Amino acid sequence: MSAQWRERLRTDVPASLVVVLVALPLSLGIAVASGAPVLAGLISAVIGGIVVGALGGSVVQVSGPAAGLTLIVAQTVATFGWRGACAITVAAGVLQLLLGASRVARAALAVSPAIVHGMLAGVGVVIVLSQVHVLLGDAPQASALANLRALPSELLHNHTPAVFVGVLTLAVLWGWRAVPTLAGIVPAPLAAVVVGTAVAAATGWDLQRVDIPDDILAFDAGPIWPDAAPSTLLAAVGAVALVASVESLLCAVAVDRMHDGPRVNLDRELAGQGAANVVAGALGGLPVAGVIVRSTTNVKAGGRTRLSTVLHGVWILVLVLVAAPVIELIPLPALAALLVYTGVQMVNLTHAQQVHQHREMPVYVLTLLAVVVLGLFEGVLVGMACALLLSVWRLTHATVRAYQDEHGWHVAIEGSLTFLAVPRLSRALAQVPTGVAVGVELNADFMDHAAVTALHDWRTGHERGGGTVEVHELHHNWYADAITGQRAPARKIHPTAWLLPRVHRAVPHGARERLTRGARLFHRHGARRVGPLLAELARTGQQPTQLFITCADSRIVPSMITSTGPGDLFTVRNVGNLVPRDGDGDLDGSVPAAMDFALNVLQVRTITVCGHSGCGALAALLRPGTLPAPMPHLLRWLRHAQPSLHRVGQVGDGDHLTRLCQQNVVQQLENLMSYPGVAERVHDGRLELVGMYFDIATSRIHLLDPTHTRFTPVSAH
């Protein structure tokens, strides 16, 4: 046996046994809650493990009967009967196979997580409301609302044996984590069901228990195509396929983040789920889907390959064939308690908090309520409609505010300005008195023709009335391009575009006025975005990771080309991005002083020297006689760049300046090594020196390879 197979057996066999301990009781409980034969849940657990484990696109995801499908399976069984539901499962599997072959699996990820989490939470509420009645020793009602209405009277009746076993099982489930030694060995679901079963067996109470056919191989529950309207059948098939596919794919993506093995192939995973559903339906099993609880258990238990998933299905099959009498001892109130616990866990507060942070709580709540009141399929449709309306509202929403401060009147406009926002825009503009000077701060990511026309007509009328209007666009030039007949840009600018001084150039005033106007715009827009970060940095102090040495050229914005923010770079700028050598008699002290502080106080781990194309300082070094006026200070400073010039020679082709700009970076890195503090840290591995070259014309960054032989462009992917 090879070392690879020995490693697989060492990790995957124990993991598969742990997954069985979780999957077995859950499979039984889900079958009972779905109104299906108990054996159907076990069949699906076997098929999900073996078929999806062998054919699916994820190496660690574990599939089987899923709590998220409980409601839709129960509705399908109630509508078409059990054997009709098996036929629906087969058809849904065929549809999943076709979708997998069509390579559209990633389209399922377009479903809003708020809808998925709301759907699962709604299913959890329905499971809790139905299984509480089983826990109390009675049968669940036909709907969630009926279960809710009947609950008070059920609580008043005396169901002592069932209630005791159910409450005891719940207590073990919730309290098992308080015993970490045992919890690390035996999963909580297995422990709870074992305790509930042991108590029921010891007391001899007359409780409903799991019923498995005597002759398992003669289990007669194959698919029979139901006699129903084609539209009804298609809706049922689509509902099962959609919910099972979305739940499986989202589970696969989530599990992918938990391990470092091969990444999931979503199309193959969808096809594997389809194949399993075809087999499960044909053999009389429940629909199969990826299950997050079992998959997480598999990863945490050490499962690394498909072997653990497949073996878990094999072990369940062995248990069904060998230990059926033991399984039949399990009381239904214990399984009901397990499902109540699972249903409560499906209302995940962490997911709800994430949805709330993204302002999608209406989608979550409406989906949840619709699933509980109307049904699963209807609830998903309601959630999708709500998500669509919310997206349309966001795309068309604009904030328009007219106000007066000590500097005069202002109109602040943010968001997407479409014809739907024109009434709001007109109301705000009407608040501006006639004849006053007003500044319009236009922070729009889109403006359609109606919005441009409304703003321009108001501006024209206001100026005719003796007032003045200055329009400052912070991102796109939607308004300016529209009124001059130019084409508006097709793409949005990154939100950090407010850092660029475009608006300053549009203000035809003196330098002081431009700075004042820019400061006001920063206070109104930029400060709101970076204010919390700057306040935190003021409290904790700066902790930059690197010293960044670059040219004083105004076209180089270090934070922009490195996608960094306040507190990230300790920056030194000078003409030509030069580093005088240590011991140079004409040494300028600013660069060594910055290095001392960066290395000894800030403890930076990187020093980057960034040059750029068309450097004016180095061009002056090549052709000193072409300077427009005597510049003795510049020429004296550029003596530090003479070694760079010697690297490329005095004569060359049209790319001579480019080579000089690049070789100048290499030379400054060598100059850095002349400082003992730098050289010592580099040799000890505590400091890294990086060379960078920025081509302004192409906006392309090049990095110097470790051998210092050439610059290579950084890929955008």
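For the structure, see preceding data.
Residues numbered from 1 in each chain as written. Predicted model: local features only at pLDDT ≥ 70, side-chain atom pairs only at ≥ 80, totals over all residues. Heavy atoms only, no water.

Undergrad: Just checking my understanding: could you explain helix α18 (residues 422-429) for this structure?
TA: An α-helical turn contains 3.6 residues, so any two residues separated by three or four positions project in the same direction. Inspection of α18 places V422, L425, A428 and L429 among the buried residues, and these make up the whole buried set. For α18, the angular spread of buried residues about the axis comes to 130°, placing them on one side. (Buried < 20%, exposed > 50% of the residue type's maximum accessible area, 1.4 Å probe, protein only. Helix = DSSP H or I, 4+ residues; strand = E, 2+ residues; numbered from the N terminus. Arc of directions from axis to C-beta.)

Undergrad: Which parts of the structure should I look at to understand the sheet that holds strand β11 (residues 700-704)?
TA: Across a sheet, strands are paired by hydrogen bonds formed along the backbone, either parallel or antiparallel in direction. Read from one edge to the other, the open sheet built from 6 strands follows the order β8-β7-β9-β10-β11-β12, with strand pairing classed as mixed. Here the strands that pair on one side only, and so sit at the sheet edges, are β8 (569-574) and β12 (711-713). Pairwise comparison of adjacent strand axes, ignoring direction, gives a mean angle of 25° for this sheet. Across 5 bridges, strand β7 (residues 546-551) lies against strand β9 (residues 606-612) in parallel orientation. (Pairing = 2+ DSSP bridges. Axes fitted to C-alpha atoms, helices over the stretch in contact; angles between N-to-C directions.)

Undergrad: How should I be thinking about the packing of helix α4 (residues 113-135) against helix α17 (residues 376-396) in this particular structure?
TA: Think of two packed helices as two axes; the pair is described by the angle between the axes and how far apart they sit. Taken N-terminus to C-terminus, the directions of α4 and α17 make an angle of 150°; their axes are 10 Å apart at the nearest point. Classified by the angle their axes make, α4 and α17 are roughly antiparallel. Regarding α4 and α17, the two cross each other, and that crossing is right-handed. For the pair α4 and α17, the contacting residues are I115, M119 and V123 in the first and L376, V380, G383, M384 and A387 in the second. When grouped by side-chain class, the residues that make up the contact of α4 with α17 number 7 nonpolar, 1 polar and no charged. (Parallel < 35°, antiparallel > 145°, perpendicular 65-115°, else oblique. Left-handed = near helix turned anticlockwise from the far one by under 90°. Contact = heavy atoms within 4.5 Å. Nonpolar A, V, L, I, M, F, W, Y, C, P; charged D, E, K, R; others polar.)

Undergrad: Looking at this structure, I do not really get the pairing of strand β3 (residues 398-405). What am I missing?
TA: Looking along a regular strand, one sees side chains alternate from face to face of the sheet. The sheet contact formed by β3 and strand β4 (residues 408-417) spans 8 bridges and is antiparallel. Across the sheet, R401 pairs through a bridge with A412, a residue of β4. Connecting β3 to the antiparallel partner β4 that follows it, the hairpin turn spans 2 residues.

Undergrad: What exactly am I supposed to notice about the packing of aromatic side chains here?
TA: Within this structure, the stated rule accounts for 4 aromatic pairs. Taken together, a centroid distance of 6.1 Å and an interplanar angle of 55° make the contact between Y693 and F711 tilted. Taken together, the residues span a long stretch of sequence, with Y693 in strand β10 (residues 688-695) and F711 in strand β12 at a distance of 18 residues. Judged by relative accessible area, Y693 falls into the buried class, the value being 2%. The positively charged end of R401 is found above the aromatic ring belonging to Y403, 4.3 Å away from the centroid. (Phe/Tyr/Trp six-rings, centres within 6.5 Å; stacked < 30°, edge-to-face > 60°. Lys NZ or Arg CZ within 6 Å of the ring centre and 35° of its normal.)

Undergrad: Where do I start with the nonpolar core in this structure?
TA: If you look at soluble globular proteins, the nonpolar side chains tend to sit buried side by side. Among the nonpolar cores identified, the biggest contains 56 residues, and L69, I72, W82, L286 and L376 are the most heavily contacted of them. When contributions to this core are tallied by element, the ones reaching two or more residues are α1 (3-33), α3 (70-101), α4, α9 (230-256), α14 (332-346), α15 (349-357), α16 (361-373) and α17. L24, L135, L170 and Y341 belong to the second largest nonpolar core, which has 47 residues in total. (Core = buried A, V, L, I, M, F, W, Y, C linked by side-chain atoms within 4.5 Å.)

Undergrad: Please clarify how the side chain of S613 should be interpreted in this entry.
TA: Relative to the helices and strands, S613 is located in the loop between β9 and α25 (616-622). In terms of polar contacts, S613 uses its side chain to reach the backbone amide nitrogen of I696, at 2.9 Å. With near-sequence residues (within four places) excluded, S613 lies in contact with R555, Y693, F694, D695, I696 and A697. (Polar contact = N/O pair within 3.5 Å; in protein donor to acceptor, adjacent residues only side chain to side chain.)

Undergrad: Please explain the sheet that holds strand β6 (residues 468-473) as it appears in this structure.
TA: Spatially, the 4 strands line up as an open sheet ordered β3-β4-β5-β6, and their pairing is mixed. With partners counted over all chains shown, the strands left at the sheet margins are β3 and β6, one partner each. Taken over all neighbouring pairs, the strand axes of this sheet differ in orientation by 15° on average, direction set aside. The strands that helix α19 (residues 449-464) touches are β4, β5 (437-447) and β6; relative to β5, the one it contacts most, it runs at about 170°.

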